[in-house]
Amino acid sequence: MQTTIASVTFEHPIFNAAGPLCVTTEELNAIGNSSSSAIVTKSCTRTSRDGNPEPRYRGVPLGSINSMGLPNRGYKAYINDTRVLKEHKKPIILSVSGLSLEDNCTIITAANASDADLLELNLSCPNVPGKPQVGYDFEQTDTVLAAVMKIAKKPLGVKLPPYFDFVHFEQVAKILNKHNVAFVTCINSIGNALYIDPVLEEPVIKPKGGFGGLGGQYIKPTALANVRKFSELLDCPVIGVGGIEKGVDVFEFILAGAHAVQLGTVFMEEGVGCFERIRKEFEDYCAKKGYTSVEDFRGKLKTL
Ligand SMILES: Cc1cc2nc3c(=O)[nH]c(=O)nc-3n(C[C@H](O)[C@H](O)[C@H](O)COP(=O)(O)O)c2cc1C
């Protein structure tokens, strides 16, 4: 069940998504000690951040809603962690989320000298006040990628927000192919959802009047659609994320074209045990189907 992304080999295709339970060194070591096939760090900014006021995450029956505000220890701490995390002998992915192009360039320059194997640049993040997040502003996406690809000495991939329009898929894919990104991870949370507690007559999280990013079961069909479209349009591998809770979900993402998958909400809710459970369920499902490697079925979604 090995998979390879930008010449980096993963023992199996299931690992953690940037954000949940990957902020502290202890949490990152716990991922290292688990069955996760890689270690992804919390998205880091130039300086450390406390994030938004609590409550800022809530698990709900079909997933989660959050407005964390990027709480993290600053890029230097994560770059130091890569040296320790190396001992786990699995790929390390540094997630980068600078709040400006300049910050992203500073972080990526420093990451060149780290022990990270891959860099995942989070484009679901506002960089210019008054403009949408970078991933929804194609001009900015082009500018940011032109600058960072020149600097990065490690394979650099991007984490994308969800898209919903075929023209947008094509426009984004054209830019990503032009800049030869090493991989694409999709999708980030579906932005600015609102979950209401009807008894209390309140939202369930405090920041932004309750608006937050949606994860979990709600978003799986959107995530599958993004993986499918981008795997058709891009010259690089796609990592799928969004709503994976069971082994069969992993199978569906690979069938749609993913090279690997990441776990967000399910990891937040279940802890490190989810990696072994989902890996085993996935392998059992593949065995039942008679598949012995992910190449047997990757991207081979049938048509009706
Ligand atoms: C608490 C929390 C924090 C997150 N923080 C980040 C982050 O720092 N960087 C990032 O790229 N995505 C972040 N995400 C998004 C996840 O990586 C993932 O794309 C999203 O939750 C969808 O996956 P899921 O349905 O498995 O949760 C966060 C998600 C959650 C729930």
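Our structure is the block above this text.
A. A look at the overall build of the protein chain. The helix and strand tally for the protein chain stands at nine helices and 16 strands. Judged by the C-alpha coordinates and their principal axes, the protein chain covers about 55 × 50 × 45 Å. Taking all 304 residues of the protein chain together, the buried fraction comes to 49%. Within the protein chain, residue pairs in contact and separated by at least 24 positions form 70% of the contacts whose partners lie at least 6 positions apart.

B. View of the site of the ligand. Residues in close proximity to the ligand total 29 residues, the closest being Ala-17, Gly-19, Gly-215, Gly-264 and Thr-265. Elements with a contribution of two residues or more to the shell around the ligand: strand E6 (63-66) and helix H8 (265-270). Of the residues forming the shell around the ligand, the biggest block, three residues, is contributed by H8. Broken down by class, the residue content of the shell around the ligand amounts to twelve nonpolar, 15 polar and two charged.

C. Up close: the packing of helix H4 (residues 138-151) against helix H5 (residues 166-178). Close contact between H4 and H5 brings their axes to 10 Å; oriented N to C, the two are set at 15°. In terms of orientation, H4 lies roughly parallel with respect to H5. Judged by the twist between their axes, the crossing of H4 over H5 is right-handed. Taken together, the residues of H5 that come into contact with H4 (itself represented by Phe-138, Thr-141, Asp-142 and Leu-145) are Gln-171, Val-172 and Ile-175.

Cut-offs used in this document
Position labels on residues start from 1 in each chain and follow its written sequence. Only residues with pLDDT of at least 70 are given local features in this predicted model, and only at 80 or more are side-chain atom pairs given and counted; all residues enter the totals for whole chains, interfaces and linings. Secondary structure elements are defined from DSSP: runs of H or I of at least 4 residues count as helices, runs of E of at least 2 residues count as strands, and each element is numbered from the N terminus. Neighbour density around each residue's C-beta defines its exposure: 20 or more other C-beta atoms within 10 Å make it buried, 12 or fewer make it exposed, and counts between make it partly exposed, where C-beta atoms are placed from the backbone. Any pair of residues counts as being in contact when their C-beta atoms, constructed from backbone geometry, are within 7 Å of one another. The criterion for a residue being near a molecule or strand is simple: its C-beta atom, placed using the backbone, must lie within 6 Å of it. Only Asp, Glu, Lys and Arg are considered charged in this grouping, and only Ala, Val, Leu, Ile, Met, Phe, Trp, Tyr, Cys and Pro are considered nonpolar; every other residue, Gly among them, is considered polar. Helix axes are fitted only over the stretch in contact, all axes being lines through C-alpha atoms; the angle between N-to-C directions runs from 0 to 180 degrees. In what follows, roughly perpendicular refers to angles from 65 to 115 degrees, roughly parallel to angles under 35, roughly antiparallel to angles over 145, and oblique to any angle outside these ranges. Here is the rule for handedness: rotate from the far helix to the near one, and if that takes an anticlockwise turn smaller than a right angle the crossing is left-handed, while a clockwise turn gives right-handed.

None of this, on its own, says anything about what the molecule does.
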